Amino acid sequence: MKGFKKVSLTALTLIVSASLSACGSSDSKSTASSDKSGTDNGVKITLLNSKGEIQTQLEDAAKSFHEAYPDITLEIQQVPSGTSPFERASTLYASGNQPTMIMLDTGDVAKFKDHILDLGDAKWNSDAIDSALDLTTFEGKNYAFPLAVEGYGLIYNKAVLDKAVGGNFDPASINTTSSLEELFKKIEASGKKALTISPMDWSLGAHYLPLAYGGQSKDSTEVAGFISSLRAGTVDLSSNKVFNGLMDTFDVMMKYNMDQASPLSPTYEKGPEMLGKGEVGIWFMGNWAWPQISGFDTANKQYGFLPVPVSNNPDDYGNAQISAAVSKRIVVDKEKTTPEQQAAAKKFFDWIVYEQAGQDFLVNKANIVPAFKNITMETPDPLGKSIQAYLAAGKVEPSLSDLPADHWTKVGASMQKYLSKAGDRATLAKEIEDYWKTVK
Amino acid sequence: MILPAGLFPVLPVFNTKESEHAMIGEKGFWNRLRLRLLFTGPTLFAFLAVMIVPFIYGIYLTFTSWDGISVAHTLVGFRNYGSVFADAEFWSSFGLTLKYVLFTVVLTNVLAFMLAYALTKSVKGQNVFRAGFFMPNLVGGIVLGFIWQFIFNNVLVYLGQKASIGIFSASWLAEPDKAFWTLVIVTVWQYAGYMMVIYVAGLTGVPADIQEAASIDGANSWQKLIRMTIPMMVPSFIVCLFLSLQRGFMVYDLNLTLTKGGPFGSTQLVSMHVYQKAFLSRDYGVGQAEAFVLFLLVAVITLLQVYFSKKMEVEA
């Protein structure tokens, strides 16, 4: 009896001391860093990173930035996974703990307009690619630094597809729903699975479904008009050609989905593994997935994007285009920051755009497709390269990056329902229409 | 403050007799007040600053149309409360929370009592068992959610497919009904150990002499349990029921990490809905109003529970 008592007592002591020492170490760390900034007499700035996959690269960039400018210390914070950047940023603002710089999704910048610094007079404004700053320019002033161009579509593993078509696979040959289905059949005939659909609400709600909005027209004002009539509740989605075309393609994808027994089970991590290992030929995702794919790469870095076809007419808009836009932007807080911190933040932007080390971080380390014309480096990652090629050919459908903030959870949930066959297309159309009516 | 953290703020109550006494001389009153403030001041200040002021400010925000970030906000009167009653999702998530609370409270307490009862019968190694059952409490809700997500998504599915056990062959988190039960299972697993500790304390507090007297009168152990032990333990039950009720209503971390409210929003409990309303849909006013309505409902339910169970207390 006594022996057991001793064991449990020791266990308890261990746990308590472990938790205490955990607190202790974090305490000593924070005092150490504040001491340091005090003695160096330098500026300490913080960046809230909402692009989780480049966290380590950003931390390295912070180090090399500190080497170039020893009086500036940059600290990288991270938005917890599963939390949207806006949620995190507004919580931090509500508690008065906002960082110096915040990485936001494009559509959120406008909401923070009153709290952030006007960056319009920085040099990089004139070097940004066409219309990259349109969505963050208010009353003629640009408020955000465009960090990354991101695009998405059907990612293919060329090794698998070459084998399936028996020769060199030509991505341009996939331009209709039926040619895509043919391709799926060929992949299955070659003994592999055709594709995997990652069922996350953000993938389905923020990326897949918005193709139905963006695909309405080449003209961006018509797309904006379509969105406002959705808000007004005057759109009948169930008779909309693009929506139906997109969902027809989704039906085909569901038919060949390797997880159709339990379509909502797969996690994000499964997608890059299946595609990289060549278990499947195709995965619907964007270029941010390259770091994960490369971990499993068996196709010698031969990957690329296919458009998501929306009809059986190869000439229709959307059948040759992939969706891309500036997705992440950095803003600078103007409420809690000192002029020195603001200057330091601006220096960080200049460092990224104009200095070798900064460009190297952006393009080579973080695998980002830059939004600046002066950066001529080609991304080493095949998906970024594929986007750069589509950009160069003008085959890009602008992604809708200013959708309402809760669009992805609400519409994503409806898409999940459709994917798991818990709701049919009429239900989906109705839920999307109802969602838009509630948007403020 | 979006959710009231404590339900029963202990307000400082001035002893009437003493304050009468203090009123006799002005000087005496001020001296007494100063002395009181010296001791209660810091706590009182902290309590006002982190509980009362945010609570009142929160109530004020329910009358505005603030979106959570903009500098200006306009007063809209009671319109937000109208939206709360019109928000069908709020009420369906509240209904789901009631269901969740019902199952977790019953299962947690039944299991905890059974564990406590078994572990006070001089079982070999009972201290190890007690420590073991208590252990899940030391793991934070967030980590716990991720661990169990892995178990439900990968471990059980792997075992189910290898051993062809139908019920485990697909992830439980992918189906609305089963995802709900994963929440219940993990909650019961986490809190049963905690409640067990309280019941163990209660069980050891049942006087041995009356038990012995009952044995001499020929009562068997079942009769002793029903007629004596349980009535004597009503205070423990009150505490445990209250704690599990309150935790059940306020659960957020587990909901967020285990199911994320999914699949397709079917396991979104009420706290999560309120949070999403305020911070994701950017309807801070309505979100705050929902939080306040939730506070009132939970306060009523827990007060009723304490009131009625107090009546069941007995003296030995």
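Our subject is the structure listed above.
What this report covers is the structure whose coordinates are included nearby. All of these numbers come straight from a predicted model, not from anything done at the bench.

Moving on, we come to the packing of helix α15 (residues 407–419) of chain A against helix α16 (residues 425–438) of chain A. All names here are of chain A. Interhelical geometry of α15 versus α16 gives an angle of 170 degrees and a closest axis separation of 9 Å. In terms of orientation, α15 lies roughly antiparallel with respect to α16. The segment α15 lies against α16, with His-407, Lys-410, Val-411, Ser-414, Met-415, Lys-417 and Tyr-418 engaging Arg-425, Leu-428, Glu-431, Ile-432, Tyr-435 and Trp-436. In terms of residue class, the contact of α15 with α16 is made up of seven nonpolar, two polar and four charged.

Along the chain, Ile432(A) falls in helix α16. What Ile432(A) contacts, discounting residues up to four positions off in sequence, is Leu209(A), Tyr213(A), Leu237(A), Phe243(A) and Val411(A).

On to the environment of Val252(A). Residues and elements named next belong to chain A. Note on placement: Val-252 falls in helix α9 (residues 241–256). Residues Val-252 and Ser-178, 74 residues apart in the sequence, show an inter-C-alpha distance of 8.9 Å. Once residues lying within four places of it in the same chain are set aside, the contact partners of Val-252 are Thr-177, Glu-181 and Phe-184.

Moving on to the interface of chain B and chain A. Contact with chain B, which involves 29 residues of that partner, is made by 32 residues of chain A. Summed over both partners, the interface of chain B with chain A buries about 2700 Å², with 65% contributed by carbon and sulfur atoms. Applying the counting rule to chain B against chain A returns zero salt bridges. Between the two partners, chain B and chain A, sit three residue pairs in polar contact (both at pLDDT 80 or more). For the side of chain B that touches chain A, the secondary structure elements donating two or more residues are α5 (126–134) and α12 (270–280) of chain B. Counted by class, the side of chain B that touches chain A contains 14 nonpolar, nine polar and six charged residues.

Definitions and limits used
- Residues numbered from 1 in each chain as written.
- Chains lettered and ligands numbered in written order.
- Predicted model: local features only at pLDDT ≥ 70, side-chain atom pairs only at ≥ 80, totals over all residues.
- Heavy atoms only, no water.
- Axes fitted to C-alpha atoms, helices over the stretch in contact; angles between N-to-C directions.
- Helix = DSSP H or I, 4+ residues; strand = E, 2+ residues; numbered from the N terminus.
- Parallel < 35°, antiparallel > 145°, perpendicular 65-115°, else oblique.
- Contact = heavy atoms within 4.5 Å.
- Nonpolar A, V, L, I, M, F, W, Y, C, P; charged D, E, K, R; others polar.
- Buried area = accessible area lost by both parts, 1.4 Å probe.
- Salt bridge = Lys/Arg side-chain N within 4 Å of Asp/Glu carboxyl O.
- Polar contact = N/O pair within 3.5 Å; in protein donor to acceptor, adjacent residues only side chain to side chain.

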